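Examination of the molecular architecture
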Amino acid sequence: MSNATELAELTEREYAYGFVTDIESETIPKGLSEEIVRIISAKKEEPRWLLEWRLKAYHRFAKMLEEGHEPTWAMIRYPTIDYQDMYYFSAPKKKQLGSLDEVDPELLRTYEKLGIPLDEQKRLTGVAVDAVFDSVSVATTYKEELEKHGIIFCSFSEAVRRCPELVRKYLGSVVPYGDNFFAALNSAVFSDGSFAYIPKGVRCPMELSTYFRINAQETGQFERTLIVAEEGSYVSYLEGCTAPMRDENQLHAAVVELVALDDAEIKYSTVQNWYPGDKQGKGGIYNFVTKRGKCLGRRSKISWTQVETGSAITWKYPSCILQGEGSVGEFHSVALTNNYQQADTGTKMIHIGAGTKSTIISKGISAGHGQQSYRGLVRIGPKAVGARNYSQCDSLLLGDKCGAHTFPYLEVKNSTATVEHEATTSKIGEDQLFYCQQRGISEEDAISMIVNGFCKEVLRELPMEFAVEAQKLLGMSLEGSVG
Amino acid sequence: MLEIKNLHAKAGEAAILKGIDLTIRPGEVHAMMGPNGSGKSTLASVLAGRPGYSVTAGEILYDGRDLTGIEPEERAREGIFLAFQYPVEIPGVGNHYFLKASLNAIRSHRGEEELDAIDFLALVREKMKMVEVPEDLMNRSINQGFSGGEKKRNEILQMLLLEPRLCILDETDSGLDIDALRVIATGVNALRGPQRSLLVITHYQRLLDHIVPDRVHVLSEGRIALSGDKSLAVELEKKGYGWLETAPPGAEAAAVQ
């Protein structure tokens, strides 16, 4: 019917963040070798222990690559990546910035285009921002305000200089360098990222936020984020990402590690809008990311909220290791695949301690030729007496060329545990669309309304400004997608 | 207002309407009755432009404009309202939010200013009273967990709010008890006026005790078999539809206007 063509037109909307910033950058030769790892480490003037850690990771990665251990179990298809045909480091020239005034104005304009004013406007919204451009963190706002509370929020490189003992203690403690293929790669070549440390008993007075931007061509981005929440502290952390439109695929292999001690809580939210490729599936970011949090302390809590609308391919399973007694893990996810995007995403909840609880709410939306899988593991260990998990996975299909798949894995080794799993798959009903249209609402608005309604449980977990942004993003990502 | 000429229509692949002629003038209330499967709901769907229903011959003129090929939202904005027999649930979309979006879409089409949250709230509260819609219904997702009666009242609430010019009620009385029926009829009657027309589709005469029609038509096998005034509905109630098959040929001729 005419619906199909209209819907198709609707989703043809272009990616709004696809510009390239003309900025002078410093890169090192293409390819990956021990030498390259040494150069990166030297450029960052890193201590010996870190270089050694990187080298161990590099050798592990090289071995995995040689033995063909690149993971193939995910439901994603992509041509073989040539890890030698890529730049592993790119930094805007001009380093060591004392204040925002010294940041290349061209770079600041980029952030403005992205809607991220790095200036005092942030005081109004109360968000402290760290911005990572290609490989290097360029500016962190609100440092002083945070320092008053003893909070450390800075780029990873700076953290290595400022508080090496903290970094050394926790780096790799949740995601070891040899954890998986992409984590090993990241550990070898990670260039920058964000670091946050919340001292004992401190409730972080503002949202911490990092924006990641890939600008340079043929460059991989490998950032590393580490957040440590001491006893009784609380932090909410937001992460956003965009990249220019390019015909070739670019690799993004990040690692995020969270550590929560007794009674601490970390809320980690992501709005991921990497360039998804064009309508024919050309270009786009390969987003191969390892995110994991460890609830080390008793009654600690880690919650992941993600809205994934970008990337050509998403391979991502933000997980929780529930080690402390009575600790809580949450995963709230909206993933949207349109055109030829593919996503294999989900979570792992590893219950180790007694009385641990986890909740998984996953909402998958597929449109166009999008393919999407939910893959989630719930493991209840032998000592996890009285552990509970509740999982809910809902998929929404728009049109008949897309797909949604659910792969739940359950391993229960303690008979006192309670594990619940619910899954639904529905099509955006023609009846629902017609109902809205009969009330004068355009098809486009109706789709956006229905999709946002479908995701509501997850969106309401996001901080206010982010929720609004995420809603708009969902609408935009779907424009022209339904058929 | 509405002029249907020799309308033939399909639902999916099945030919359902086989030559309907019907004229509804401004201010008139027409009742469409008939047995199950006679094409009543198909007629409502075709008028509203529901996907999956197609006109194969004839035409539908609304204010002299042929509706063929006009999108459903355009029809709605031009004042055609369908009160659904089975209002669909839309999880996560708040009823209040939906009604406001709907009203503002229609208002901006009419060249009127969109209502802000405060004005909308005042207006919707006033209409809610008319059909006894409880406050909490507005905060729930559209139709989700609504009882049958709540769904139907919500439909009439929307109609009161949007002030359409052609109201089509598709078996709004089905599944309602007497009290709910009266409430709904009160809402509908409040809308009657010289510039507004109603097409009331129903199985039963009891709704027509409350919403008194100017004309009554009986649909049978995709055609209007019989038309008359309100007394026809009473007669049907007594005799049932079986009687239609044996009706004198003269009665059918009278049906065509």
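Residues numbered from 1 in each chain as written. Chains lettered and ligands numbered in written order. Predicted model: local features only at pLDDT ≥ 70, side-chain atom pairs only at ≥ 80, totals over all residues.

Right, let's get into the overall build of chain A. If you tally the helices and strands in chain A, you get twelve helices and 23 strands. Counting the 483 residues in chain A, one finds 57% classified as buried. The long-range fraction of contacts in chain A, counting pairs at least 24 apart against all pairs at least 6 apart in sequence, stands at 84%. (Helix = DSSP H or I, 4+ residues; strand = E, 2+ residues; numbered from the N terminus. Buried ≥ 20, exposed ≤ 12 C-beta atoms within 10 Å, placed from the backbone. Contact = placed C-beta atoms within 7 Å.)

Across the sheet, four strands lie side by side as S2-S1-S4-S5 (chain B); this open sheet has antiparallel pairing. Two strands in the sheet have a free side with no partner beyond their single neighbour: strand S2 (14–24) and strand S5 (65–66) of chain B. (Pairing = 2+ DSSP bridges.)

Residues and elements named next belong to chain A. Side chains Ile313 and Trp315 project from strand S15 (residues 313–316) onto one buried face, and the interleaved Thr314 and Lys316 project onto a second face that is buried too. The pairing of strand S13 (residues 284–295) with S15 spans four bridges and is classified as parallel. Along S15, the bridge assignment pairs tyrosine 286 with isoleucine 313. In this structure, S15 lies alongside strand S18 (residues 342–351), joined through four bridges in parallel fashion. Within the sheet, the bridge partner assigned to threonine 314 lies in S18 and is alanine 343.

The next thing to look at is the interface of chain A and chain B. Where the parts come together, the accessible area they lose is often given as the size of the interface. Each partner contributes to the interface: chain A provides 19 residues, whereas chain B provides 21 residues. When contributions to the side of chain A that touches chain B are tallied by element, the ones reaching two or more residues are helix H10 (430–438) and helix H11 (443–459) of chain A. With seven residues, H10(A) is the largest single contributor of residues to the side of chain A that touches chain B. Of the residues belonging to the side of chain A that touches chain B, the class tally is seven nonpolar, eight polar and four charged. (Nonpolar A, V, L, I, M, F, W, Y, C, P; charged D, E, K, R; others polar.)

It is worth spelling out the sheet that holds strand S9 (residues 166–170) of chain B at this point. Residue and element names in this part refer to chain B. The sheet built from six strands is open, its strands ordered S6-S9-S10-S3-S11-S12 with mixed pairing. The outermost strands of the open sheet, each flanked by one partner alone, are strand S6 (80–83) and strand S12 (223–228). Each neighbouring strand pair of the sheet contributes to a mean axis angle of 20°, computed without reference to strand direction. With five bridges connecting them, S9 and strand S10 (residues 197–201) associate as parallel partners. Residue pairing in the sheet places leucine 169 in a bridge with valine 200 of S10. (Axes fitted to C-alpha atoms, helices over the stretch in contact; angles between N-to-C directions.)

Moving on, we get to the nonpolar core. Formed by 189 residues in total, the largest nonpolar core has its most connected members in A:Ala229, A:Ala260, A:Ile266, B:Phe81, B:Ile168 and B:Val200. Residue contributions to this core peak at nine residues, all from H11(A). Setting aside residues no more than four positions away along its own chain, B:Val200 makes contact with B:Val29, B:Ala31, B:Met32, B:Leu169, B:Leu207, B:Ile211 and B:Pro213. (Core = buried A, V, L, I, M, F, W, Y, C linked by C-beta atoms within 7 Å.)

Attention shifts here to the packing of helix H2 (residues 34–43) of chain A against helix H3 (residues 48–66) of chain A. Residues and elements named next belong to chain A. With their axes 10 Å apart at the nearest point, H2 and H3 run at an angle of 150° to one another. Viewed along their axes, H2 and H3 adopt a mutual orientation that is roughly antiparallel. Both H2 and H3 take part in a crossing whose hand is right-handed. Counted together, Glu34, Val37, Arg38 and Ser41 of H2 and Leu50, Leu51, Arg54, Leu55 and Tyr58 of H3 form the full contact between these two elements. Partitioned by chemical class, the residues of the contact of H2 with H3 number five nonpolar, one polar and three charged. (Parallel < 35°, antiparallel > 145°, perpendicular 65-115°, else oblique. Left-handed = near helix turned anticlockwise from the far one by under 90°.)

Moving on: the packing of helix H3 (residues 95–109) of chain B against helix H6 (residues 148–162) of chain B. All names here are of chain B. Close contact between H3 and H6 brings their axes to 10 Å; oriented N to C, the two are set at 35°. Read as a crossing pair, H3 and H6 show a hand that is right-handed. Only Asn154, Gln158, Leu161 and Leu162 of H6 make contact with H3, whose side of the interface consists of Asn95, Leu99, Ser102, Leu103 and Ile106. Per-class residue counts for the contact of H3 with H6 are five nonpolar, four polar and no charged.

Moving on, we get to the pairing of strand S1 (residues 2–11) of chain B. Residue and element names in this part refer to chain B. Where S1 meets strand S4 (residues 53–62), eight bridges bridge the pair, whose relative direction is antiparallel. Looking at S4, one finds that lysine 5 is bridged to glutamate 59. Of the pairings in the sheet, the one linking S1 to S2 comprises eight bridges and is antiparallel in character. By the bridge assignment for S2, alanine 9 is matched with leucine 17. Connecting S1 to the next strand, S2, in antiparallel fashion are two residues, including glycine 12 with a positive phi near 65°.

Time to look at the confidence of the model for chain A. Fine structural detail should not be taken from predicted coordinates in areas where pLDDT scores are low. With 78% of its residues at a pLDDT of at least 70, chain A reaches an overall mean of 81. In the predicted structure, residues 94–98 of chain A sits below a pLDDT of 50 and forms five contacts with residues beyond four places in sequence or in another chain. (pLDDT = per-residue confidence, 0-100.)

Another point: the confidence of the model for chain B. All names here are of chain B. Across chain B, pLDDT averages 90, with 94% of residues at or above 70. Mean pLDDT per element in chain B: helix H10 (residues 249–255) is the minimum at 44, and S6 is the maximum at 97. Note that residues 248–257 has pLDDT below 50 and, in this model, 13 contacts with residues that lie over four places away or in other chains. Across the interface, the model reports ipTM at 0.93; the global pTM reads 0.78.

A word on helix H9 (residues 181–189) of chain A. All names here are of chain A. For H9, the tally of buried residues reaches eight of nine residues, placing the bulk of the element in the interior. Within H9, burial applies to Phe182, Ala183, Ala184, Leu185, Asn186, Ser187, Ala188 and Val189. Elements that come into contact with the buried residues of H9 comprise H2, H3, strand S8 (224–229), strand S11 (255–260) and S13.

Take unusual backbone geometry next. A positive phi angle, near 50°, is found at A:Asn339, a position not held by glycine. In this fold, A:Asn339 is placed in the loop between strand S17 (328–337) and S18. The backbone of B:Glu221 sits at a positive phi, close to 50°, despite the residue not being glycine. Its place among the elements puts B:Glu221 in the loop between strand S11 (215–220) and S12. Among the residues examined, B:Glu221 registers 15 C-beta atoms within 10 Å and is labelled partly exposed.

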